[in-house]
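# Geometric and topological summary
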Amino acid sequence: MSEIANVFTLDGQRIAFEPGQSILTAALAAGAYIPHLCAHPDFPPHGSCKLCTVAVNGRNGSACTVTAAPGQDVRSKTPELNEIRRVLLQMLFVEGNHFCPGCEKSGQCKLQALAYDVAMLSPHFVQFFPHREVDASHPDFFLDFNRCIMCELCVRASRDMDGKNVFALAGRGRGSHIVVNSPSGKLGDTDFAVTDKAAQVCPVGAILRKEIGFVTPIGARLYDHAPISQVDLAAEEK
Ligand code: FES
């Protein structure tokens, strides 16, 4: 009996995978980029942003949560899927307050870089302009809720790697928001530290270090010279 090879195709490219790997993990390991935002190589998949939506045998699914299987026909670089990604990004942009030109994370922000990558030209939808506070109570960090996209990477990192549970998600639907687990609700009243994993993982400018603003000048930042598809692929290929 012949064995079925652990191979699927992604936009026609043959991708070998290890049993149990997700389509996204296998693709990145094989040097093929699929846009993604809430996925991070150090954490189990979250499946919330849907930027990694691909068509698997004709049905849409999240590449970070769908397990790779032999013979799958996976499509990612299609006009239809990139339109879905553009709309998802547009919704994220109008749901918060993202002022890229004045943001310290500009050029190093995955949300901004993905918007460039899928050629998002405008927010398209009516801006919500929600009222959100900036928490500057911590000596080393600003916590800017305006830029939070609720990927929960800080929640997962603080809970699962730092063992601190500094962050949590509260509310539902449009009322969903990140909260700080301290009696005052302020970051300054927690033991959040520079060395925490949660301090390293924010893909946008919601958790920002103080006193190092613009240490990397505009024009010399992570995504200034190459698109996120090349930069993150090189970083996440294993
Ligand atoms: Fe797959 Fe966010 S990266 S849902």
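Right, let's walk through the structure included here.

Reading guide: rules and limits
Residues numbered from 1 in each chain as written. Predicted model: local features only at pLDDT ≥ 70, side-chain atom pairs only at ≥ 80, totals over all residues. Heavy atoms only, no water. 1 Å grid on protein atoms, 1.4 Å probe; cavity = no way out; pocket = protein on both sides within 12 Å on 5 of 7 lines; lining within 4 Å. Points joined across faces, edges and corners; volume = space filled by probe spheres on them. Helix = DSSP H or I, 4+ residues; strand = E, 2+ residues; numbered from the N terminus. Nonpolar A, V, L, I, M, F, W, Y, C, P; charged D, E, K, R; others polar. Pairing = 2+ DSSP bridges. Buried < 20%, exposed > 50% of the residue type's maximum accessible area, 1.4 Å probe, protein only. Contact = heavy atoms within 4.5 Å.

## A short note on the layout of surface pockets
The volume enclosed by the largest pocket comes to roughly 670 Å³. Put simply, the parts of the chain that give the lining of the largest pocket at least two residues each are strand 10 (207-209) and helix 5 (228-236). For the lining of the largest pocket, the element with the most residues is helix 5, which contributes four residues. Looking at side-chain class alone, the lining of the largest pocket contains 15 nonpolar, five polar and seven charged residues. As a volume, the second largest pocket reaches approximately 420 Å³. Around the second largest pocket sit 16 residues that line it, and Ser 48, Leu 92, Glu 95, Ile 149 and Met 150 are the ones nearest its centre. At four residues, the largest contribution of residues to the lining of the second largest pocket is made by helix 2 (residues 79-95). Broken down by class, the residue content of the lining of the second largest pocket amounts to 10 nonpolar, three polar and three charged.

## Here we look at the sheet that holds strand 6 (residues 134-135)
Backbone hydrogen bonds are what pair the strands of a sheet, in a parallel or an antiparallel way. Strand order in this open sheet of three strands is 6-7-10, and the pairing throughout is antiparallel. Strands at the two margins of the open sheet, each flanked by one partner only, are strand 6 and strand 10. As paired strands, strand 7 (residues 141-144) and strand 10 are joined by three bridges and run antiparallel to one another. The residue bridging Leu 143 from the neighbouring strand is Ile 207, located in strand 10.

## Section: the environment of Val 94
Here Val 94 shows up in helix 2. Judged by relative accessible area, Val 94 falls into the buried class, the value being 3%. With residues up to four places along the chain from it excluded, the contact list for Val 94 reads Pro 123, Phe 125, Val 126, Gln 127, Phe 128 and Phe 129.

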